[in-house]
Amino acid sequence: MTRPKRRTLLLAAVTAVALAASACGRDSGDGEAEKGEKVAQGKASGNITVWAMGTEGEKLSALADDFMKENPDAKVTVTAVPWDNAHNKIAAAIAGQQTPDVTMLGTTWMGEFAKTGALDVVPPDFVKKDDFFPGAWETGVVDGTSYGVPWYVETRLLFVNKAVAEKAGITEAPKDWDSLTQAVSDMKTKGGAKWGVYLQPGQTGAWQTAMPFVWQNGGEVWDGKNFTLDSPEATEALEYYQSFYKDGLSTKDRIPDGQQEPKLLKGEIGAFVSGPWHIGLLNDLGGEGKYELWPMPSGSGDATSFIGGSNMSVFKNSKNRDGAWKFVSYLMKPEVQVKWYETVNDLPAVQSAWDDQTLSGDEMLKMFGDQLDKAKAPPSIPTWEQIAAGLDTELEKVAKGTESAADAAKAMQAQATSIGTGG
Amino acid sequence: MTSTLDTRPESPTPAERGERARRADLRSRDHVARIVLHVLLLGGLVVMIGPFVWMALSSFKTEGEIRADPPTWWPHDPTAGNYGVLFNRLDFPTYFTNSIVVAVLTTLGNLLFCSAAGYALAKLSFPGKRALFLVVLGTIMVPSIVTIVPLFVLSSNLGLVNSLAGLILPFLAQAFGVFLMRQFIMSIPDDLLEAARIDGASELRIYWQIVLPLCRPAFATLGILTFLASWNNFLWPLVAATTEDKYTLPVALALYAIGQNQTRYDLLLTGSVVIVLPVLIVFIALQRYFVRGIATTGLK
Amino acid sequence: MSRALTGWFFALPFAALFLLFTAGPVVASLLMSLTDLGSADLLHPLGVNIVGLDNYLRLFDDPKFLIAATNTAIFVVVGVPLTMAAALLVALGLNSGLVKFRALFRVGYYLPVVTSIVAISVVWRFLLQPDGGLVNEVLSWVGINGPNWLNNKTYALPTLIVMGAWRNLGFGMVIFLAGLQAIPKELYEAATIDGAGKWSQLRFLTVPMLRPTMLFVAVITTIGYVQFFEEPFVMTRGGPLDSTLSMAYHTYNQFGFGNYGYASAMGYVLFVVVVLLSIAWFRLLRNNVD
């Protein structure tokens, strides 16, 4: 990338400042869904810069090499970015106009970055919505417009200690709330576990454990216009969450990162809620065969879980928009998605990729696949992270018993409404 | 007082007997103090180095053992695997070079600029001196997370993004360094400098030949602290680098060790050991300057 | 050369770099705090509404901010003197000439400063475990039933204060050692000849001569503690029930939510607090002319 001379940059900066100053004040925006521009046919060419986080960033160059074989005129450069503070890094890059062509984004970041206006709209018909799990596709939709394409997904199941469950006399996974409570209770009284289950008692990320209960009860976080956190379904769900702590089935103390796994394998806790990455972690600790997976139970609604993962987005000021989208759509081919799973164990966001033997043949993975059909994500609004933090605070009070479920629901609703959707 | 020529042993006078008793008393008190001091410091030492030793030992354990509950001390099956993974996956030479170049240049630059400015603030008078010092002091107090975005926009406009210069320049003039040097230089007696001025030495000469040599302990301190801060700096090198070849070690380590939903403690701790070693080397090399012995003030 | 020019000549390289790279962004973030800049405005930062002191006023309505401010105040008021006293004692001990293997002690006491906070958190978590942890073991010998330190709303913050002192005393020790070294030996010899005992020498010679260094350690430790972030972030995530939420942590969260204007305002409040505390320290430990 050529670096313009300092003076030119300064001149540009001054001009930009002058122009921006003359345009002081925000645009109101028309609130209509935008349509993406079409992408030209043919092979990709030119430079394509990609940012990806963590292991995905490390290993993406393998897929990039395959892409370059198919598109000899294209040159893909992948920069791996640490997850730690990645959100701040991308924000700074947008502010300093130093963004790449393509970037990976966490699903909960979509609303915020879409609102910056820095992301390009997903081109229609180039990447097809129906190929993906509906919950996953929704994570990329902000205000009715699609700004990101789901790349890989994850969802949550109950990881259960086999021996404890057997000892407790549980023969099949509980299907609804009452049977789950019974099962957990048996694991504590008959199965020999100190805690029947570990549900994160508030603090960062607890909403990912608690919100599914709301969905399982037929409730919603918001209905497209208003927040519905204090609906009767949501309140009931919070009561259900609180019941585990009240009845002594889950510890009220946060178990620090890294200690859940040994405690599960030892049988100190009967079960915890987590995602597919724990398969590898537990097996590494010698837990292979010692645990099993249970799907989410249903309340008054569907047996829903949380869906997360990462999306791929293209920046509006990309100099190679065509190439960028072609690379993104390459990553979404079912066979590439399978290859990606084999490389880093990330679950494909494309539904047809799951027909492949690698995934459908593995029992545990199949359970995740089935759950993905019934998994939801929070609304893709720019203020989600802040609202979620508020939820976490109230959830801690609920778990520790300093607040009733009804009061917590009201507090959550009030906070969310006052924070708003940043529209 | 007996003269030195007198070799006849004398029976001690009461005064001398008292003096000897007092000295013996002091010696035994010294002895007790010595033992007590050693015990206390030793006890404290064990508490101090405990976690570090655990960290170093854990770099030879597997992820499973590190997560064991309760934690283990000695590795059950010592393995250098973590080091292997780290050095194979990490482009270690590049990251190490970047870190070293940035840390060394930042440290040397700070030693020079902060001692010069510290000297001016401590011993010279010029208009705006007080204001400058207060402004400098004030900025130490702004949390860095808040200034990261404006700093990045500034660097972008100056063309400094994704360059080593961009990693060094923003940290070449540390408010903290100026503050430290000012305080140290304030304790240099004014008479010393006045004498040199009367002798006709220029300010530059006074600074170079009198002030700087006296600052050795301060330089050791500032050197260690600046090197440590620069070496461990994570947020700015993360934001300022747009390609991997400009990453420093802490950024690279976070890349491999911290995932979206999980942390690889084996790599994290091993990486932490690797990252800490140069700092320790610098510290051990410089800490002898804390030993009394360079006491010369020229006040004779 | 006139005195004024000389002064500026020495200060200039520092001042230039400082004004550009440090003062510049600081002023920019001050301006940010007077607007409602959010992440949506990243591409058009000048297109924001100026809200004046609104962000600052909002802070006082924010219950979390008030909790964070209280926690930070406690941490500073208790932690700074504790850390300084510990650092000074160790430095005096090592400098007294009574101790062998000084280098080993110097390096050892400095290790917590350079050890990764992750390693520290794991070991301390182990020590602080309610049943089986070393701390509660020792307490049980004297008949005290120790609580679940890090998960207890009352004890979590004091635990972090002690950890902070433990971790940072090496820093103070290093500065004090340098400061002690700078006191001419001759002064001690003269004092001994004059009949002053060790204790008097400490009170009337060492401590006064250490004033500039004590001021430095006091101010820097205070600044560090007002901004304390890593310990609560790694060990307790601000909990339980926000009892270890610090102002810096709250600012970091707000910045992560994209509330840049609001977060900058918080940063500035921290700034003002530290300036006030530093002025207090300067008054207390003002360098009397020898």
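Position labels on residues start from 1 in each chain and follow its written sequence. In the order they appear in the text, chains get letters beginning with A and ligands get numbers beginning with 1. For this predicted model, a pLDDT threshold of at least 70 governs which residues receive local features, and a threshold of 80 or more governs which side-chain atom pairs are given and counted, while totals over whole chains, interfaces and linings are taken from all residues. Working from all heavy atoms in the structure, the side-chain values ignore hydrogens and water.

(A) Molecular detail of the overall build of chain B. Runs of H or I in DSSP of at least four residues are treated as helices and runs of E of at least two as strands, each being numbered from the N terminus. Within chain B, the regular secondary structure consists of 14 helices and 0 strands. Shown N-terminal to C-terminal, the secondary structure of chain B runs as helices and strands in the order α-α-α-α-α-α-α-α-α-α-α-α-α-α. The globule rule puts the C-alpha radius of gyration for 300 residues at 19 Å, and the 27 Å found for chain B is more than 25% above it. A fraction of 72% describes how many contacts in chain B between residues 6 or more apart in sequence connect residues 24 or more apart. Accessible surface, chain B as shown: approximately 13400 Å² in total, 65% of it carbon and sulfur. For the purpose of charge, His is not counted, nor are the chain termini; Lys and Arg are scored as positive and Asp and Glu as negative. All charge positions are set by atom: Lys at NZ, Arg at CZ, Asp at CG, Glu at CD. Side chains of chain B give 23 positive and 19 negative charges; the mean places of these two sets differ by 6 Å. The quantity called the radius of gyration is restricted to C-alpha atoms. Its globule counterpart is 2.2 Å times the number of residues to the power 0.38. In what follows, residue pairs with any heavy atoms lying within 4.5 Å of each other are defined as contacts. Accessible surface area values rest on a Shrake-Rupley calculation with a 1.4 Å probe, where residue burial reflects the displayed protein chains alone.

(B) Expanded view of the overall build of chain C. Looking only at helices and strands, chain C features 13 helices and 0 strands. Expressed along its principal axes, the backbone C-alpha trace of chain C runs to roughly 75 × 70 × 30 Å. Residue burial is assigned from relative accessible area. The probe radius is 1.4 Å, only protein chains are included, and a residue is buried under 20% of its type maximum, exposed over 50%, and partly exposed in between. In chain C, which comprises 290 residues, the share counted as buried stands at 56%. Sequence-distant contacts, at least 24 apart, represent 68% of the contacts inside chain C between residues at least 6 apart. When the accessible surface of chain C is summed, it comes to about 12100 Å², and 69% of that surface belongs to carbon and sulfur atoms. Taken as two groups, the 16 positive and 14 negative side-chain charges of chain C have centres that lie 10 Å from each other.

(C) How the structure looks around the interface of chain C and chain B. In this complex, chain C contributes 91 residues to the contact, which on the side of chain B involves 94 residues. Buried area is calculated as the accessible area (1.4 Å probe) missing from two parts once they are joined, with the contributions of both summed. For the pair chain C and chain B, the two sides together bury roughly 8100 Å², of which 79% comes from carbon and sulfur. Criterion for a salt bridge: a side-chain nitrogen of Lys or Arg within 4 Å of a carboxyl oxygen of Asp or Glu. Applying the counting criterion to the chain C and chain B interface returns 0 salt bridges. Distance and chemistry together define a polar contact, namely a pair of N or O atoms within 3.5 Å, with one atom able to donate a hydrogen and the other to accept it when in protein, and with adjacent residues in sequence counting only for side-chain atoms on both sides. Across the chain C-chain B interface, the total number found is 5 residue pairs in polar contact (both at pLDDT 80 or more).

(D) A look at unusual backbone geometry. In the segment running from G239 of chain C into P240 of chain C, the intervening peptide bond is cis, with an omega of -10 degrees. In this structure, P240 of chain C sits in the loop between α11 (230-236) and α12 (247-257). One non-glycine residue, Q97 of chain A, lies in positive phi territory at about 55 degrees. Note on placement: Q97 of chain A falls in the loop between α3 (86-95) and β3 (102-106). For Q97 of chain A, a relative accessible area of 48% puts it in the partly exposed group. For D242 of chain C, which is not glycine, the phi torsion reads 65 degrees and is therefore positive. Turning to its location among the elements, D242 of chain C is positioned in the loop between α11 and α12.

(E) Up close: the pattern of salt bridges. All names here are of chain A. Counted according to the given criterion, the structure contains 23 salt bridges over all chains. For K400, the salt bridge is made with E396, and the minimal N-O distance between the two is 3.0 Å. With K400 and E396 both in helix α16 (residues 384-400) and 4 residues apart, the pair spans about one turn of that helix. On the basis of relative accessible area, K400 is assigned to the buried category, the value being 18%.

(F) Quick peek at helix α9 (residues 198-209) of chain C. Here α9 of chain C contains 12 residues, and its C-alpha end-to-end distance of 15 Å stays within 8% of the 16 Å for a straight helix at 1.5 Å per residue. Its buried side turned inward, α9 of chain C meets α3 (63-95), α7 (156-181) and α8 (185-193) of chain C. Given the number of residues in a helix, its expected span is that number minus one, multiplied by 1.5 Å.

(G) Geometry of the environment of N217 of chain A. All names here are of chain A. Following the sequence through the fold, N217 ends up in the loop between α8 (207-216) and α9 (232-246). For N217 and A303, which are 86 residues apart along the polypeptide, the C-alpha to C-alpha distance reads 8.4 Å. In this structure, N217 is in contact with W177, E233, E236, A237, G299, S300 and G301, ignoring residues within four places of it in sequence.

(H) Structural view of the packing of aromatic side chains. Stacked, edge-to-face and tilted labels apply to pairs of Phe, Tyr and Trp rings (six-membered ring for Trp) whose centres lie within 6.5 Å, assigned for plane angles under 30 degrees, over 60, and everything in between, in that order. This model, assessed by the stated rule, comprises 54 aromatic pairs over all chains. The interplanar angle of 85 degrees and the centroid separation of 5.4 Å between the aromatic rings of W207 of chain A and F306 of chain A together place this pair among those described as edge-to-face. Here W207 of chain A is found in helix α8, whereas its partner F306 of chain A is found in strand β10 (residues 305-314), with 99 residues between them in sequence. Of the two residues, W207 of chain A and F306 of chain A, both sit in the buried class. Between F213 of chain A and Y240 of chain A the ring centres are 5.2 Å apart and the planes differ by 90 degrees, which places this aromatic pair in the edge-to-face class. In this pair, F213 of chain A is assigned in helix α8 and Y240 of chain A in helix α9, connecting sequence segments 27 residues apart. The residues F213 of chain A and Y240 of chain A share a single accessibility class, namely buried. Connected via pairs of aromatic rings, a cluster forms that spans F133, F176 and F179 of chain B together with F171, F216 and F282 of chain C. Here R58 of chain C stacks its cationic end above the ring of Y262 of chain C, 4.4 Å away from the centre of that ring. In our convention, an over-ring charge means Lys NZ or Arg CZ found within 6 Å of a ring centre and within 35 degrees of that ring's normal.

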